[in-house]
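# Summary of the model geometry
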Amino acid sequence: MANAAPKTDVLQGTLDLMVLRTLEALGPSHGYTVAGRIEQISSGAVQLNMGTLYPALMRLEQRGFIRGDWGVTENNRRARFYRLTAAGRRQLAAETAEWERMAAIMHSLLHQQG
Amino acid sequence: MPTLREWFSRLWHTLRPSHRDADLEDELRAHLALAEDDARGRGVAPDAARRAAILRAGPLAPALDAMRDQRRLPWMADFGVDLRRAFRTLVHHPGFAATAVLSLALGIGANTAIVSVVSGVLLRPLPFPHPDEIVQVSVMNASDPRLPAQYVTGADLTAWRTHARSVRALAAFLVTSRTLQDGVEPERLAVVETQAPLFAALGTHAAIGRTLRDDDAPDAAVISAGLWQRHFSSDPTIVGRRLTLDGQSFIVVGVMPHGFQFPYPRGASADLWSLDNGASTDVWVPWSRRLSDQGRVDSVIGRRQHGASIDAARVELTAIANGLVAGRHVNVVPLSDVVAGHVRLPLLVLLGASGLVLLTACANVANLLLARAASRAHETAVRAALGASRWRLVRQHVAEGLLLSGAGGVCGLLVAVAAMPPLVAIAGSYLPRATDIGLDWRVLAVLAGVCLAAGVVFGVVPGARVDLERDMKSGERGNAPHGRVRDGLVVAEVALAFALLVGAGLLLRTFVNLRHAPSGFDAAGVLTAHIAVANADESAAIDARVRSIPGVQAAGFVSLLPLQESGWFGRFAIDGRDGMGSAEFRYVTPGYFRAMGIPITRGRTFTTADRADAALALVVNDAFVRQYLPDVDPIGRVLHDRGEIVGVVGDVRQVGLDESPVPEIYYPVAQNFAQLSSVGSTLVVRSDQPFPWLADAIRAAVRDVNPHQATFRVEPMTDVVAASMGDRTLYVSLLGIFAIIGTAVAAAGVHAVIAYLVATRTREIGIRLALGATTGDVRRLIMRRGAALVAVGLAAGGVAALLLTRFLQGALFGVAAIDPLTFAGVAVLLALVGLVASVGPAERAARIDPAVTMRIE
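Parameters at a glance
- Residues numbered from 1 in each chain as written.
- Chains lettered and ligands numbered in written order.
- Predicted model: local features only at pLDDT ≥ 70, side-chain atom pairs only at ≥ 80, totals over all residues.
- Heavy atoms only, no water.
- Helix = DSSP H or I, 4+ residues; strand = E, 2+ residues; numbered from the N terminus.
- Rg over C-alpha atoms; globule rule 2.2 N^0.38 Å.
- Buried < 20%, exposed > 50% of the residue type's maximum accessible area, 1.4 Å probe, protein only.
- Contact = heavy atoms within 4.5 Å.
- Areas by Shrake-Rupley, 256 points an atom, 1.4 Å probe, with all protein chains shown as cover.
- Lys, Arg positive; Asp, Glu negative; His and termini not counted.
- Charge placed at Lys NZ, Arg CZ, Asp CG, Glu CD.
- Pairing = 2+ DSSP bridges.
- Axes fitted to C-alpha atoms, helices over the stretch in contact; angles between N-to-C directions.
- Parallel < 35°, antiparallel > 145°, perpendicular 65-115°, else oblique.
- Left-handed = near helix turned anticlockwise from the far one by under 90°.
- Nonpolar A, V, L, I, M, F, W, Y, C, P; charged D, E, K, R; others polar.
- Buried area = accessible area lost by both parts, 1.4 Å probe.
- Salt bridge = Lys/Arg side-chain N within 4 Å of Asp/Glu carboxyl O.
- Polar contact = N/O pair within 3.5 Å; in protein donor to acceptor, adjacent residues only side chain to side chain.
- Core = buried A, V, L, I, M, F, W, Y, C linked by side-chain atoms within 4.5 Å.
- pLDDT = per-residue confidence, 0-100.
- Domains from an automatic or database assignment.
- Phe/Tyr/Trp six-rings, centres within 6.5 Å; stacked < 30°, edge-to-face > 60°.
- Lys NZ or Arg CZ within 6 Å of the ring centre and 35° of its normal.
- Arc of directions from axis to C-beta.

### Let's talk about the overall build of chain B
The helix and strand tally for chain B stands at 27 helices and 23 strands. A compact globule built from 857 residues would reach a C-alpha radius of gyration of about 29 Å, whereas chain B, at 37 Å, exceeds it by more than 25%. The buried share among the 857 residues of chain B stands at 52%. Residue pairs at least 24 apart in sequence account for 81% of intrachain contacts in chain B once pairs closer than 6 positions are excluded. On chain B, roughly 37,300 Å² of surface is accessible, and the fraction owed to carbon and sulfur atoms is 60%. Side chains of chain B carry 82 positive and 77 negative charges; the gap between the two charge centres is 8 Å.

The structure is reproduced here in structure tokens:
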């Protein structure tokens, strides 16, 4: 079985959401672009190595949220390009809403007057 | 949450082992290349760019592994590999695999067969709605339960019907046998006389027509689906057709559905009525006799109201019955107990025994696997050192265990499937509900559970005991780790075999005791034939005609043969004495005692002078005299309204060879024909002629007297005796088979452990021999080890047997549950088996060549 670190579940959910949102923003992209974009947006706070990113992509593909096809990059390298599926868009919407709800709750909790 | 779709995708990839993961690597390499391009684009030198790319993206190999794990179900894929490896290992050790699979197949096969029987006979509910509510009601004598049971009277039944709230639909029924005379061949059928509520109590409706009604004429009849098919060719317009039973015409009012049986035959007693259609009842007719207040009701069935417990019903019915005649005790028994209660204990004993066989087999296989694990301890330790997790190592063992138990289970199922038809054929005559025996989900569930549990245990036990440090240090393969556990398992095997053998031995001694028990009659040279005589004159005529057959020494009729269950008893008063007594009644013709070889101890037997118009004569047995007239000469004593005692005969074991003789009164048929006709009649002939010839001669004689008279079930008295022990024969044979299997498995276990001992101590033995030990010393060394194991096993087995044989108590006769002779005999037998099992390895040890063993290292 996978050697699951305690925080993996939270991280995994977060990671999936990050990837889905990035693909929505960028359109069809390969893994390197996705990792670079997440790194850039997070100002370098989130650095995804391959061992984290690609299993996540595969998981999302297995669940039918994204779909990968081989293509060619602008500098002529073969790579797999991932794009959101309809199910992926629904999932992104649902997860975004859930995340915002959770964040609002946490915010209220953390800033409550007492 | 992983979606179903993800599982399918991963399962799909798992089950395609040929699938390569090149595409995954391509993708990762592309990622690295892109990172490298980026770095170079920022002006980094090629080598540095590659390092920077790897630094940023992470190493390739772990990422690839993570992707592979995500792509499939890694544990499942690995387990497939484990199974394949286990299979190869087993194929390379055919002896080991065969021993293990064979032990398991025998253990599992025996269990599957017995569980099938238990499931069909004891567990499967009777095929009636809410069968647990159906009860049978009887009355017992509260003061002395050993006396023949008192009976339910017509008054009891009426009072219960009026007042009882806990039980409804009470119906009397009486099982009789009658001859169906419409067909070409007369057919002997079980006919139940009963009352309308019987069908309400059972909750079953007729398939065609209707069941009996309270206002039915006495000639109404409900027939079974079987009789409807074979006698009426499944005529859909059956209602209104007639059938003739013993000369009386009945009108069919309904046909019961297929599979409807009532009463359920109890097994051996099925022979009693000498029926042509097994023992199933074919006709239900209205209760024919007037049910007077004091009249006897044989059996009563009813249905408990919802929520009324058995105890509540018993208390209520007892109170009502004692309101009429005090001092009685009403027994309320669930129908399932009536049907199968008498086989519960023997079947559970057999179930326990087959469980012991399975335990022995499992212990043996666990032992073999431990020995193998020990010889691979070094390999295992190396794999652990190279990074295999403990779980991974255990899994390999579990795979092997599951493979073995699975193969054992499949073979066991085959054994059971092969064993079931003969078992059911033999058991069918002695077990109720034999037709319900078969492989059902319960059996298969037990089977699967046993296999799974055994497999996992086989795997976990050796797998969990990896001691890395110790195993690595030992250069020699196998320095006998977990030797204690293995010894313990062998001891357990011997102990289990001991318990099984003691059980079988006790039953065997019981069997022998019964064969030699004084039956009170002489069965040799006696032929019996069931003939439903029409009247006393006919019985006398047949009597006389048969006696004139050459070679016939004596012949006579009796109402019920000895050893045929179901007594016919009644109460009597002795003139000049207080109180009532109770005794078995039998009706005989004058020649019966001589034909059966029953000695006259006082007075005379009946003669042809004891006619209907003569003074009523009675013969009693020794037990009667002992109990009721111990202090006086019984001859000439008068039983009120019944007759004068003219003679005393020896005791006969009427009920069973293991039952003490009960007081008996014999009546002459000539003076009591009405009674005989309702019980039945059997001709008993003693001669020195061969039976087949004699049987034909008897049939011819009967035809001479009455051409329409049928002769049923002609069989030697010795067969009747054997049939009365048939269930015991079955139980003792099965337990014997289990004991033999258990012993063989235990012997294999002892052999395996000693052989393994020799194999692992080859070098030590070589050194001993080199240092001057004789081959005799070596032989003794090895044999002593075997003897020690067996000795401890015998001690443990003795204790186990002491604890277990008490469950056999009820089945034993003439032998104590703790029988020193049996225990000692079994101990000697097992000790011999153990020694024989160690002889081979000891010989091998003695032939070890020191020069060769020293060179091995």
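### Here's the deal with the overall build of chain A
Looking only at helices and strands, one finds four helices and three strands in chain A. Secondary structure elements of chain A occur, N-terminal to C-terminal, as α-β-α-α-β-β-α. Burial analysis of chain A (114 residues in total) assigns 38% to the buried set.

### What to know about the sheet that holds strand 3 (residues 78-84) of chain A
Residue and element names in this part refer to chain A. The strand order across the open sheet built from three strands is 1-3-2, with neighbouring strands paired in antiparallel fashion. Every other strand in the sheet has two partners, leaving strand 1 (29-30) and strand 2 (66-72) as the edge strands with one partner each. The sheet contact formed by strand 2 and strand 3 spans seven bridges and is antiparallel. Note on strand 3: the bridge partner recorded for Val72 is Arg78. Strands strand 2 and strand 3 of the sheet are contacted by helix 3 (residues 50-62), whose axis makes an angle of about 120° with strand 2.

### Regarding the packing of helix 6 (residues 94-123) of chain B against helix 23 (residues 726-760) of chain B
Residues and elements named next belong to chain B. Relative to each other, helix 6 and helix 23 sit at 160°, their axes nearing to 10 Å. It follows that helix 6 is roughly antiparallel to helix 23 by the angle criterion. Judged by the sense of rotation from one axis to the other, the crossing of helix 6 with helix 23 is left-handed. Side by side, helix 6 and helix 23 meet where Ser103, Leu106, Ala110 and Ile114 of the first sit next to Leu734, Phe738, Ile741 and Val745 of the second. Residue composition of the contact of helix 6 with helix 23, grouped by class: seven nonpolar, one polar and no charged.

### Observations concerning the packing of helix 23 of chain B against helix 25 (residues 775-804) of chain B
All names here are of chain B. Between helix 23 and helix 25, the shortest axis-to-axis distance is 10 Å and the interhelical angle comes to 145°. Where helix 23 crosses over helix 25, the two elements pack in a sense that is right-handed. Contacts between helix 23 and helix 25 involve Val750, Val753, Ile754, Leu757 and Val758 from the first element and Ile782, Arg785, Gly786, Leu789 and Val790 from the second. A breakdown of the residues in the contact of helix 23 with helix 25 according to their chemical character gives eight nonpolar, one polar and one charged.

### Notes on the interface of chain A and chain B
Taken together, the contacts link 27 residues of chain A with 31 residues of chain B. Interface area for chain A against chain B, summed over the two sides, is near 2,500 Å², with a carbon-plus-sulfur share of 60%. Put simply, chain A and chain B have three salt bridges between them. Our count for the contact surface shared by chain A and chain B stands at 10 residue pairs in polar contact (both at pLDDT 80 or more). Secondary structure elements with two or more residues in the side of chain A that touches chain B: helix 2 (31-41), helix 3 and strand 3 of chain A. By residue number, the principal contributor to the side of chain A that touches chain B is helix 3 of chain A, which donates eight residues. Its residues assigned to classes, the side of chain A that touches chain B comprises 12 nonpolar, nine polar and six charged.

### Observations regarding unusual backbone geometry
In this chain, Phe262 of chain B is followed by Pro263 of chain B through a cis amide linkage whose omega measures -5°. Looking at where Pro263 of chain B falls in the secondary structure, it is placed in the loop between strand 8 (248-255) and strand 9 (281-286). One non-glycine residue, Ser43 of chain A, lies in the positive phi region at around 55°. Structurally, Ser43 of chain A can be placed in the loop between helix 2 and helix 3. We classify Ser43 of chain A as exposed; its relative accessible area is 68%.

### Thoughts on the pairing of strand 21 (residues 664-668) of chain B
Residues and elements named next belong to chain B. With five of five residues buried, strand 21 lies mostly within the body of the structure. Across five bridges, strand 16 (residues 581-588) lies against strand 21 in parallel orientation. If you follow Arg586 over to strand 21, its bridge partner there is Tyr666.

### Overview of the nonpolar core
Among soluble globular proteins, nonpolar side chains are generally buried collectively. Residues and elements named next belong to chain B. Formed by 122 residues in total, the largest nonpolar core has its most connected members in Tyr666 and Ile782. Apart from residues no more than four positions distant in its own chain, Ile782 is found in contact with Ile754, Leu757, Val758, Ile765, Pro841, Ala842 and Ala845. Ala555, Phe572, Phe624 and Ile645 belong to the second largest nonpolar core, which has 36 residues in total.

### Let's talk about the confidence of the model for chain A
Residue and element names in this part refer to chain A. Of the residues in chain A, 89% reach a pLDDT of 70 or more, and the chain-wide mean stands at 85. Looking across chain A, the model is least confident in helix 1 (residues 8-26), with a mean pLDDT of 80, and most confident in helix 4 (residues 86-110), with 93. In this model residues 1-10 is a low-confidence stretch, pLDDT under 50, and it forms one contact with partners more than four residues away in sequence or in other chains.

### A look at the side chain of Ser103 of chain B
All names here are of chain B. Within the fold, Ser103 resides in helix 6. A relative accessible area of 6% means that Ser103 is categorised as buried. A distance of 3.3 Å separates the side chain of Ser103 from the side chain of Asn364, its partner in a polar contact. Setting aside residues up to four positions removed in sequence, Ser103 forms contacts with Ala361, Asn364, Val365 and Val745.

### Details of the domain arrangement of chain B
Taken domain by domain, chain B consists of domain 1 (4-72), domain 2 (76-129 + 342-481), domain 3 (144-326), domain 4 (498-517 + 717-857) and domain 5 (533-709). A C-alpha centroid distance of 100 Å is found between domain 1 of chain B and domain 5 of chain B.

### Observations regarding the pattern of salt bridges
The full count for this structure, using the stated rule, is 40 salt bridges over all chains. Residue Arg101 of chain A is joined to Glu98 of chain A by a salt bridge in which the shortest nitrogen-to-oxygen separation is 3.2 Å. Highlighted residues: Arg101 of chain A and Glu98 of chain A, both in helix 4, separated by three residues, approximately one helical turn. For Arg101 of chain A, a relative accessible area of 47% gives the class partly exposed. For Glu98 of chain A, a relative accessible area of 40% translates into the label partly exposed. With its nearest N and O atoms 3.9 Å apart, the salt bridge here joins Arg602 of chain B to Asp633 of chain B. In this pair, Arg602 of chain B is assigned in strand 17 (residues 600-603) and Asp633 of chain B in the loop between helix 19 (622-628) and strand 19 (638-639), connecting sequence segments 31 residues apart. On the accessibility criterion, Asp633 of chain B (46% relative accessible area) is partly exposed. A cluster of three or more residues bridged by salt bridges with shared partners is formed by Arg63 of chain A together with Glu6 and Arg10 of chain B.

### A short note on the packing of aromatic side chains
Ring pairs (aromatic) are described by centroid distance and by the angle formed between their planes. Applying the stated criterion across every chain yields a total of 13 aromatic pairs over all chains. Measuring from ring centre to ring centre gives 4.9 Å for Phe173 of chain B and Phe262 of chain B, while their planes differ by 70°; the resulting arrangement is edge-to-face. Of this pair, Phe173 of chain B sits in strand 3 (residues 167-180) while Phe262 of chain B sits in the loop between strand 8 and strand 9; the two residues are 89 residues apart in sequence, bridging distant segments of the chain. The two residues Phe173 of chain B and Phe262 of chain B agree in class, both being buried. The structure contains a cluster of three or more aromatic residues connected by ring pairs, namely Phe128, Phe199, Phe260 and Trp284 of chain B. The aromatic ring of Trp70 of chain A is capped on one face by Arg78 of chain A, whose charged end is 4.4 Å from the ring centroid.

### Regarding the environment of Ala97 of chain B
Residues and elements named next belong to chain B. Summarising the element assignment, Ala97 is placed in helix 6. In this structure, the C-alpha to C-alpha distance between Ala97 and Arg806, residues 709 residues apart in sequence, is 37 Å. When neighbours within four sequence positions are excluded, Ala97 is seen to be in contact with Leu90 and Leu404.

### Re helix 1 (residues 4-14) of chain B
Given 3.6 residues per turn, any residue in an α-helix points the same way as the ones three and four places further on. Of the residues making up helix 1 of chain B, those classed as buried are Glu6, Ser9, Arg10, His13 and Thr14 of chain B. Here the buried residues of helix 1 of chain B occupy an arc of 135° about the axis, which is enough to place them on one side. Exposed side chains of helix 1 of chain B directed beyond 90 degrees from the buried face belong to Leu4, Arg5, Phe8 and Trp12 of chain B. Where the residues of helix 1 of chain B are buried, they touch helix 3 of chain A together with helix 4 (60-71) and helix 5 (74-92) of chain B.

### Structural notes on the confidence of the model for chain B
All names here are of chain B. For chain B, the average pLDDT comes to 82, and 91% of its residues sit at 70 or higher. When the elements of chain B are averaged for pLDDT, helix 15 (residues 468-473) gives the smallest value, 57, and strand 6 (residues 220-223) the largest, 94. Within the model, pLDDT remains below 50 along residues 145-149, and this stretch shows seven contacts once partners closer than five positions in the same chain are excluded. Contacts of residues 475-479 to residues separated by more than four positions or lying in other chains number eight contacts, the stretch itself having pLDDT below 50.

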